[in-house]
Amino acid sequence: MTDTAIRKGLAGVVVDTTEISMVDEASNSLTYRGYPVQDLAASCTFEEVSYLLWYGELPTAGQLREFTARERANRALDRHTLDLLRRLPETAHPMDVLRTAISYLGADDPAEDDASVAANRAKAEAMLAKLPTVVAADHRRRRGLDPIQPDPGLGHAENFFHMCFGRVPEPEVVRCFEVSMILYAEHSFNASTFTARVVTSTLSDIYSSVTAAIGALKGSLHGGANEAVMHMLQEIGSAERASDWLDTALAEKRKIMGFGHRVYKHGDSRVPTMRAALDRMAALRGAEELMELYGALEAEMVARKGIHPNLDYPAGPAYHLMGFEVPTFTPLFVMARITGWTAHILEQQEANALIRPLSSYTGRERRPVPLPAQRL
Ligand code: ACO
């Protein structure tokens, strides 16, 4: 029987099962394959967490060695991809660059339509390895600099800093970055992951699913919020101005970026871990004023609206303190979420059903098509 109740934004609708992660609003927790995300962030590398999301278990030492070797061997971009990146307008948003790069990788892959589990795992691993190279090359291009080749002697996070800035920062900075990657890696049926699952459900290829997911993540109600948070903090300027700024923004019915969440209504389970990483970055870089503003706005939002920060609120300023430009923030989210997206694409393929909801028509009543002479 058709259920005609309308659930705007699919709020509260359970669409399918998943074994990848559990977001539990009641206990304010997030687990990947059963492990609390804060514990993974405390003791694992991003490579280990990626393996866990794809293969269901943390890797043994031998599995990690092989996985790491494949990741390092896959990082380089060929001449054609680098040429394509160079030809894109310098004004292009880095998310548009990423969307184009993934689409191109698909067009260039002779095995694009091989949807076997082995082929799709290999493609997912290749995208994980290549995305940082694309982000770093684009980051440098916008500064008029040539790309830096990946260094197979460095881990995923260290190598990314090396390709962006030509040097690896203090281990503490690398670790804070890696923590953000682990926290951003997966979050069940969020908008971009669901987009990837919808595309996969039509039996399209994995690159098309990821390209569509990048488009969904770009929006400021989703991944684009980490950039919007930094713009907002820069617009407010100082802790003293936070209260007046919020008065105006709320009166204008503006959404305060980095606050609120569709699932968590009492605080995002990832925030305490990312906040601790932000505090470490702030101490390292001497960012007292920024942190005063951060704290003042959060206190005002919680007191006035009872709305808590989501992961994008601490992640935005943390990326700023790591030296990244604001338009690079959402691509950093992509570098992490590629693991969650592709784990879900594989899961969707395993037990596929075309995702095709219904709508309730509210347009004009049935009517005859007028003759051309009547359409004056
Ligand atoms: N600022 C101001 N008011 C807010 C905010 C916010 N950030 N978030 C929710 N509200 C208010 C809404 O205006 C609404 O009020 P009303 O009932 O008086 O109309 C109420 O809280 C419920 O909000 P909804 O929009 O219905 O909540 P929904 O679940 O649809 O939205 C969302 C969730 C989109 C994340 C929203 O909180 C928002 O726009 N936040 C800002 C953007 C953001 O930070 N996105 C990142 C999400 S997390 C991530 O991608 C890692």
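About the criteria used
- Residues numbered from 1 in each chain as written.
- Predicted model: local features only at pLDDT ≥ 70, side-chain atom pairs only at ≥ 80, totals over all residues.
- Helix = DSSP H or I, 4+ residues; strand = E, 2+ residues; numbered from the N terminus.
- Buried ≥ 20, exposed ≤ 12 C-beta atoms within 10 Å, placed from the backbone.
- Expected span 1.5 Å × (residues − 1).
- Contact = placed C-beta atoms within 7 Å.
- Pairing = 2+ DSSP bridges.
- Near = placed C-beta within 6 Å.
- Nonpolar A, V, L, I, M, F, W, Y, C, P; charged D, E, K, R; others polar.
- Axes fitted to C-alpha atoms, helices over the stretch in contact; angles between N-to-C directions.
- Parallel < 35°, antiparallel > 145°, perpendicular 65-115°, else oblique.
- Left-handed = near helix turned anticlockwise from the far one by under 90°.
- Core = buried A, V, L, I, M, F, W, Y, C linked by C-beta atoms within 7 Å.
- UniProt positions renumbered as here; feature names shortened; annotations may be inferred.

### A short note on the environment of Gly219
Next, step 1: Looking at the element boundaries, Gly219 is found in the loop between α10 (206-218) and α11 (225-236).
Next, step 2: Using a count of 15 C-beta atoms within 10 Å as the deciding quantity, one classes Gly219 as partly exposed.
Next, step 3: The spatial distance from the C-alpha of Gly219 to the C-alpha of Thr330 is 9.5 Å, given a sequence separation of 111 residues.

### A look at helix α8 (residues 171-184)
Next, step 1: Compared with an ideal rise of 1.5 Å per residue, which puts 14 residues at 20 Å, α8 spans 20 Å between its outermost C-alpha atoms and is within 8% of the ideal.
Next, step 2: In terms of residue burial, α8 counts as a mostly covered element, since 10 of its 14 residues are buried.
Next, step 3: Of all the positions in α8, only Val173, Cys176, Phe177, Glu178, Val179, Ser180, Met181, Ile182, Leu183 and Tyr184 are classed as buried.
Next, step 4: On its buried face, α8 sits against α1 (37-43), α2 (46-55), α7 (156-165), α13 (271-285), α15 (312-322) and α16 (329-350).

### Notes on α11
Next, step 1: Along its 12 residues, α11 runs 16 Å from first to last C-alpha, staying within 8% of the 16 Å computed at 1.5 Å per residue.
Next, step 2: Within α11, burial applies to Ala225, Asn226, Glu227, Ala228, Val229, Met230, Met232 and Leu233.
Next, step 3: Buried residues along α11 sit in contact with α14 (288-305), α15 and α16.
Next, step 4: Positive backbone phi, approximately 90°, marks Gly237, located one or two places after α11.

### Here we look at the pairing of strand β2 (residues 29-32)
Next, step 1: Of the two faces of β2, only the one carrying Leu30 and Tyr32 is buried; Ser29 and Thr31 on the other face are not.
Next, step 2: Linking strand β1 (residues 21-24) back to β2 in an antiparallel pair, the connection comprises four residues, with Asn28 at a positive phi of about 50°.
Next, step 3: In this sheet, strand β3 (residues 35-36) lies alongside β2 in antiparallel orientation, the contact comprising two bridges. Counterpart to Tyr32 in the pairing with β3 is Tyr35.
Next, step 4: Once β2 ends, the chain turns through two residues before running back antiparallel as β3, passing Arg33 with a positive phi of about 50°.

### Some details on the site of the ligand
Next, step 1: Not every one of the 18 residues close to the ligand is listed here, only the nearest: Ala225, Ile256, Phe259, Gly260 and Arg262.
Next, step 2: Residues of the shell around the ligand, tallied by class, amount to seven nonpolar, seven polar and four charged.

### Here we look at the pairing of β1
Next, step 1: Residues of β1 alternate between two faces, with Ser21 and Val23 buried on one and Met22 and Asp24 left unburied on the opposite face.
Next, step 2: As judged from the four bridges shared by β1 and β2, these two strands associate in the antiparallel manner. Opposite Asp24, over in β2, you have Ser29 as the bridge partner.

### Things to note about the sheet that holds β1
Next, step 1: Strand order in the open sheet formed by three strands is β1-β2-β3, with antiparallel pairing between adjacent strands. The two strands at the open ends of the sheet, each matched to only one other strand, are β1 and β3.

### Topic: the packing of helix α4 (residues 79-87) against helix α5 (residues 94-107)
Next, step 1: α5 packs onto α4 with a crossing angle of 150° between their chain directions and a minimal axis gap of 11 Å. Taken together, α4 and α5 sit at an angle that is classed as roughly antiparallel. The chirality of how α4 crosses α5 is right-handed. Along its contact with α4, which presents Thr81, Leu84 and Leu85, the element α5 presents Val97, Ala101 and Tyr104.
Next, step 2: Considering only residue class, the contact of α4 with α5 consists of five nonpolar, one polar and no charged.

### Things to note about the nonpolar core
Next, step 1: Core analysis: the biggest nonpolar cluster contains 93 residues, and Leu98, Ile182, Val210 and Ala318 have the highest contact counts within it.
Next, step 2: Sorting elements by how many residues they give to this core places α16 first, with 10 residues.
Next, step 3: Not counting residues within four places of it along the chain, the set of residues in contact with Leu98 comprises Leu131, Val134, Val135, Ile214, Pro331 and Val334.

### Brief notes about the UniProt feature "active site" (unreviewed entry) in the protein
Next, step 1: What UniProt calls "active site" (unreviewed entry) maps, in this numbering, to His261 and Asp312. Across 52 residues in sequence, these annotated residues keep their C-alpha atoms within 10.6 Å of one another, forming a single compact spot.
Next, step 2: By the secondary structure assignment, His261 is in the loop between α12 (239-251) and α13.
Next, step 3: The residues touching His261, leaving out its near neighbours within four places in the chain, are Asp268 and Asn310.
Next, step 4: Within the fold, Asp312 resides in helix α15.
Next, step 5: Once you skip the residues sitting within four places of it in the chain, Asp312 turns out to touch Ala225, Asn226, Val229 and Gly258.

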